[in-house]
Amino acid sequence: MSSVLREFFEAIVPVVKAEEPEEEVEEEEEEEEDPEDTMPAIQEECAEKECHSAKHHFDECVERVTAAMEEEGYAEREHKEDCVEEFLHLSHCVNDCAAPKIFATLK
């Protein structure tokens, strides 16, 4: 289920990609090693440990909604459950847990 969590974070958090550098700049960059991004690992750790309850509720909701979507007549239902509230609770918990740890690793 952690891949589901990662997919939700990636869907909400924008990813910015740099333009292709020129060949001369690329050679210089090869010499310097980019630091590893610790944010995904810290967020995953927070989701599994400190935010276990919120993650559990989110995972249960995802399973419930997925099962409901596979039922016959789902498209005609008036009320369709989503997991937005559970995701927001989990997201807030993970951000509150991860932010101090991430900023502590910055130089």
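Preceding this section is the structure that the text describes.
Residues numbered from 1 in each chain as written. Predicted model: local features only at pLDDT ≥ 70, side-chain atom pairs only at ≥ 80, totals over all residues. Heavy atoms only, no water.

Visitor: Teacher, can you tell me more about the environment of serine 3 here?
Guide: As for its placement among the helices and strands, serine 3 is situated in helix H1 (residues 2–12). Judged by relative accessible area, which is 41%, serine 3 ranks as partly exposed. Taking the C-alpha atoms as reference points, serine 3 and glutamate 44, separated by 41 residues in sequence, lie 9.8 Å from one another. (Helix = DSSP H or I, 4+ residues; strand = E, 2+ residues; numbered from the N terminus. Buried < 20%, exposed > 50% of the residue type's maximum accessible area, 1.4 Å probe, protein only.)

Visitor: For this particular structure, what's the right way to read the packing of aromatic side chains?
Guide: Note on aromatic pairs: each is described by the distance of the centres and the angle between the planes. Within this structure, the stated rule accounts for one aromatic pair. Taken together, a centroid distance of 5.9 Å and an interplanar angle of 55 degrees make the contact between phenylalanine 58 and phenylalanine 87 tilted. Of the two residues, phenylalanine 58 sits in helix H4 (residues 52–70) while phenylalanine 87 sits in helix H5 (residues 84–105), which places them 29 residues apart along the sequence. Residue phenylalanine 58 shares its accessibility class with phenylalanine 87, and that shared class is buried. Cation over ring: lysine 80 sits above tyrosine 74, and NZ or CZ is 5.3 Å from the ring centre. (Phe/Tyr/Trp six-rings, centres within 6.5 Å; stacked < 30°, edge-to-face > 60°. Lys NZ or Arg CZ within 6 Å of the ring centre and 35° of its normal.)

Visitor: Mind showing me how you'd approach the pattern of salt bridges here?
Guide: Oppositely charged side chains are able to pair whenever their charged atoms sit close together. Tallied over the entire structure, the rule returns five salt bridges. Here glutamate 50 and lysine 101 are joined by a salt bridge, their closest N and O atoms 3.1 Å apart. Within this pair, whereas glutamate 50 is found in the loop between helix H3 (39–48) and H4, its partner lysine 101 is found in helix H5, the two being separated by 51 residues in sequence. Taking relative accessible area as the criterion, lysine 101 reaches 31% and is therefore assigned partly exposed. Note that glutamate 81 and arginine 64 form a salt bridge whose closest N and O atoms lie 2.9 Å from each other. Of this pair, glutamate 81 sits in the loop between H4 and H5 while arginine 64 is found in helix H4, placing the two residues 17 residues apart along the sequence. For glutamate 81, a relative accessible area of 32% gives the class partly exposed. Note on arginine 64: relative accessible area 41%, which makes it partly exposed. (Salt bridge = Lys/Arg side-chain N within 4 Å of Asp/Glu carboxyl O.)

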